[in-house]
Every structure is written in structure tokens, then in C-alpha cells.
Amino acid sequence: MAATVLSGLLIVVAAQTASAHAELLSTTPEDGAALEHPPTEVVLTFNEPVQLVDGGVRLFIGADEPVVVDAQVSDTQVVAPFPADAEDGRYALSYRLVSADGHPISGAISFTIGDAGGSAPVPVADQQSPQATQLAVSVLTGLQYVSLLVFAGLNLFDRIVLRNRGRIDARSALVLRCTGAGALVASILLVPVSALNVTGSPLQEIISPAAWRAGLLWGPVTAAAVVLLGVVGAYALATRTFDRRQLHMLPLLPALLALSAPVLVGHSQLIAPRALMVAADLGHLLVGSFWAGGVVGLLLVLAAARVVAGAQSGPVRAAQIIERFSALAAWTVAILAISGTIMAVRIVGTFSTLVSTGYGWTLLAKLGVLAPVLGIAAYNRFRLLPAVSARPAGHPRWRHLVRTLQSEAALLVVVLIITGFLTNLSPTHEHHDMSAEQAGAAEPASISAVGQGLAIDGVVEPAQVGDNDLSFTLRYEDEPATPEEVAVQVSLPEHDLGPFEVSPELDPSTGEYTAELSLPVAGEWQVEVVARVSQFAEPIVTVPVTVP
């Protein structure tokens, strides 16, 4: 229970700090540049291949309406032609793209040409995907993982642990139908929902194909096709009897094909060396399916076994099956450790990323729940199972074993749900700097506000489009406060720009925090400060800043 609650809290933290999946490395012209002559094109260079979204690249010219740019993609670069007859002034280029792992990214750069007098570009609509759409993607991915791993794992359990040579029993067939249907529904729904997430459309637009067709990606479509073929094929083969003994393993082939579907849309295919990462990912999925389906299979075996005094054949067989599964599970722990370590090292990279990103916190949540799963398994293997084998007709021991397996199954479901969220988070701290130089002087903007007992007083200077310096002091319940954990987010709500997060630095001698804010365009910005003033208190104060 403690592990489950902790994992839930970590997922909430991770979801709040999730960021994009591709990093903007450089731009030509540079973000915030002052040019004498118009460029022939604007080039955005990312750290991985990206895809265009229809209407996703727009050019803002002064206060005019934005113009959709006919941009082109060349591997990791987006090339947007610039108007040859462009006049002097301020410009902003916004983009909404899809990273190689299928997740949307967005941002903007701004620059000036010649005499930058006149109106500044209107706020760039850096549209974020609605929270409901993002949540739907994570929930459906979690359902897909749970269903696929139990479906494939139960097939593995039936053919390898039970050593079944004929058709699967009625109870297991029912579980296969339910989990297979769950995997199919989740995989099919992920096609339009992922497309809505790409285009930044609300979830209710799923009933309108025209709304999500522009964001359709081959990854979810291919994964859905693989799941359909694998689930239908595996169930059809598992529910029939084979005349030739050598063919009894045949249902495993389509089941493992369906199990491989998550690899098509995950992080592993993007990180070098790709062959090693894909192999580690497949090994991870294989072990997960063996455990998830195996625990469900054991519960079905125990439900069918009848512990009756004087008739021990059922309990004895059940004990033999459990011993067989336990022996195989011990070997899978090594595969789990090796594949998990490879993926964690290659994807997370550093300890600071592990403890400071949404991806890292969610991974810690997964490990936090997995630890008691392994603990329960070890207890069953080395303490409870020998006692059951010694007295197969002992009712209390069987009841105890059933309870521990039920707990293990529940925790495994939590692990798989967390994995669904993990696939939709970024392992890095990407952010897209967006600033522009604005000619002319501007007056510093004083900020002062109180919220939830937290008071802020400070100044933003020069309070203009481009880079700005923020300095402030905090008071909590009318007392000076200098908490170590302080976060600043800036956003332009009316145009869905941001939020962009920065980490302020504290000067202990003065008690003043300082941070650099990049405000790319004019508008009514909201500066939100979150401070952890105690173990249980994390007040938030928001103050508006007008950028002319």
C-alpha cells in the first residue's frame, strides 16, 4: 500500500514536470538576433529527427496575422523559407512538430531585421496539448501494457510452465479474451488520441476524423496492426488442439509478436546503440509478461485446485507448478536487472536527470513498487513454498500463498500502469529558448503579490521582449523566507504560450532570488512562483507582468 501511494505521488510530480521529447540545439538566424538584411530561410536544428504537422510552422510579422510557412524537414533540421520582400521590423517564428518517438514539441524564436521600430509581433500561439488529451494517451498506454503483458504472459505460462499440449482451459481462455480485447481497444484508440495529442486538439474531437487526420503517425497505426494480428492469431491457436506435439508452442509466436508492439513507439528505438536498446526493451517486456501472466496463471491454478483432506493430487500438482514457475522466475530476475540497467543508463544518463526530471521520478516510482514485488516473490520462493510443499493439504499455508500472490499481482498492475506513463515522458530537461531584441528603452516592472500566505516583492527589467532579469524576495506568513526549493514559471495564458520554467538562484547574504526570463513576444505574462517552505507546505503566488 505504501509503495502504491508513493508511486502515485511521484507520477503526479512527474506529470507536472514533463517536458518535450526533442531538443532544439540551434537556429539560423540565432534566437534574438538583430539582422541588417532578411535571411533567405530560417533553419531549426534538433537533436533527433522530427516530423512536420500541417500548419505547424508560422511566421508572425509585426502585429499582422500569422502566415503558415511551407517548411521542409531534412532529418534533424526544419528549413522554413523567409519572404524575399520582407521589410524591416520584428519577426517571430513558431513551430509545432513531432519528435521521432511520436510526441509533440512546440516553441518559437524571434529576431529583428533592420530598423525594428513599430509594432512587436503578436503573441505566438505555442499551443499545448490539452491535459485531458495527454492523460488519455497515458491511460490508454497503461491499459495497453497491462493487457498485452498479461495476454502474452498467460500464453507463456500455459505452454512453458503448465506444459500444456492441447487447448487452453476455460478460465484462462476467458482471461485471454478480456486482456486481448483490452489490448486491441487501447491500441486502436491510441491511433486517433495520439493524433489529437500531436495537433493539440481537445479529446472530444476524436469523433471528427478531420480534426486528427493531420496528426496521424505511422507508429501507433503499425502498433495497432501488430497487436491485432498477434492477439487474434494467438487466441485462435491457444484454443485449439494440435495433432502434432511439436506444434504446441505455436501460439507463442503471435503472442510475442503482439508483445513487441510497444517497442515501435517507445524511447528505445531512438537511443544508440539502437540494436542493444531494442534488445533490452524486448527482454524487459518478455520478463514483465512472464511475471504478469505467470502470477495470474498461478492464481487460476490455485482457484482450480481443491485442498481436501485425503485427496492431495490437486494440491500436489499445484505445488509442483508453483515450484516450476518459481525456478524459472529466479532466472528472469537476472534478465530484468540487465535489461533494466542498460535502458536506465542509456535513457536517463545521469543521476541528476534521475532525480530532477519527470521521467526520472516516474522511473523511481516504478522501481519503488517493483521492490516489494521482488520481495514477495523471494518470500514465496524461499519460505512459503517449501512449507506448502512439505504439507500440501495445509489450508492456512495455501490461503497465505493465495494472499501473497494476489498482492504481487496487484503491485504488478501498478508497475505496468506506471510504465504506460513512463513512455509518455521525456528523459531530459529540454526547453526551447525564445527571445528577441527590442529596440528602445523600457521601464523596469515592479512585481508584488500575495498568495496562500506567500508574498513576493521584486522587479523584472527591462520588462521588454527578449531576455529579462527577475529579482525578488519572499515572505511567508509575514516572515522573511528563503526556502531552497523555489520554481518560477512564466506563461501567456490567453495565447497558450508556455509555461516555461526557470530555476532561480538564491543569494544567502541578501536573501534575494535572481533568474533570467525569456519573454519572446509582447503581452500580459503571468509569473508563477512555487516555494516549498516546509515539509507539508508549498504555496504558490502569481503576479502579472506586462511586456509592451
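Here's what I pulled together on the structure shown here. (Residues numbered from 1 in each chain as written. Predicted model: local features only at pLDDT ≥ 70, side-chain atom pairs only at ≥ 80, totals over all residues. Heavy atoms only, no water.)

## Quick notes on the overall build of the protein
Here is step 1: A tally of helices and strands in the protein yields 11 helices and 19 strands.
Here is step 2: The buried share among the 548 residues of the protein stands at 51%.
Here is step 3: Sequence-distant contacts, at least 24 apart, represent 70% of the contacts inside the protein between residues at least 6 apart. (Helix = DSSP H or I, 4+ residues; strand = E, 2+ residues; numbered from the N terminus. Buried < 20%, exposed > 50% of the residue type's maximum accessible area, 1.4 Å probe, protein only. Contact = heavy atoms within 4.5 Å.)

## Some remarks on a negative patch on the surface
Here is step 1: A cluster of acidic residues, Asp85, Glu87, Asp88 and Asp115, forms a negative patch on the protein surface.
Here is step 2: Mapped onto the fold, Glu87 is located in the loop between strand S7 (77-81) and strand S8 (89-99). (Patch = residues over 30% accessible without salt bridge, like charges linked within 9 Å, V, L, I, M, F, W, Y side chains within 5 Å. Areas by Shrake-Rupley, 256 points an atom, 1.4 Å probe, with all protein chains shown as cover. Salt bridge = Lys/Arg side-chain N within 4 Å of Asp/Glu carboxyl O. Lys, Arg positive; Asp, Glu negative; His and termini not counted. Charge placed at Lys NZ, Arg CZ, Asp CG, Glu CD.)

## Some details on the pairing of strand S17 (residues 512-519)
Here is step 1: Strand direction decides the pairing type here: strand S12 (residues 466-476) and S17, joined by seven bridges, are antiparallel. For Asp469, the partnering residue across the bridge sits in S17 and is Glu516.
Here is step 2: Between strand S16 (residues 505-507) and S17, which pair antiparallel and follow one another directly, the connecting turn spans four residues, one of which, Gly511, has a positive phi of 70°. (Pairing = 2+ DSSP bridges.)

## As for the sheet that holds strand S2 (residues 34-35)
Here is step 1: Across the sheet, which stays open at both edges, the five strands sit in the order S2-S9-S8-S4-S5 with mixed pairing between neighbours. Bordering the open sheet on either side are S2 and strand S5 (67-68), each of which pairs with just one other strand.
Here is step 2: In this sheet, strand S9 (residues 104-113) lies alongside S8 in antiparallel orientation, the contact comprising 10 bridges. Looking at the pairing, Gly89 lines up with Ile113 of S9.

## Side note on the environment of Leu259
Here is step 1: Inspection of the secondary structure puts Leu259 in helix H6 (residues 252-259).
Here is step 2: Remark: the alpha-carbon pair of Leu259 and Val226, spanning 33 residues in sequence, is separated by 8.8 Å.
Here is step 3: Ignoring anything within four residues of it in the chain, the contact list for Leu259 reads Leu148, Leu149, Ala152, Leu285, Leu286 and Ser289.

## Quick notes on the sheet that holds S7
Here is step 1: Strand order in the open sheet made by the four strands is S1-S3-S7-S6, with antiparallel pairing throughout. Taken across any chain shown, the strands that pair with only one partner, and hence form the sheet edges, are strand S1 (24-28) and strand S6 (72-74). Here the average twist between neighbouring strands, direction ignored, is 20°.
Here is step 2: Bridge count for S1 against strand S3 (residues 41-46) is four bridges, and the pairing is antiparallel. By the bridge assignment for S3, Leu24 is matched with Phe46. (Axes fitted to C-alpha atoms, helices over the stretch in contact; angles between N-to-C directions.)

## Topic: the environment of Ala71
Here is step 1: Within the element layout of this structure, Ala71 appears in the loop between S5 and S6.
Here is step 2: Sequence separation between Ala71 and Leu52 is 19 residues, and the spatial gap between their C-alpha atoms is 8.0 Å.
Here is step 3: Apart from the residues lying within four places of it in its own chain, the contact partners of Ala71 are Leu52, Val57, Val78, Val79, Ala80 and Pro81.

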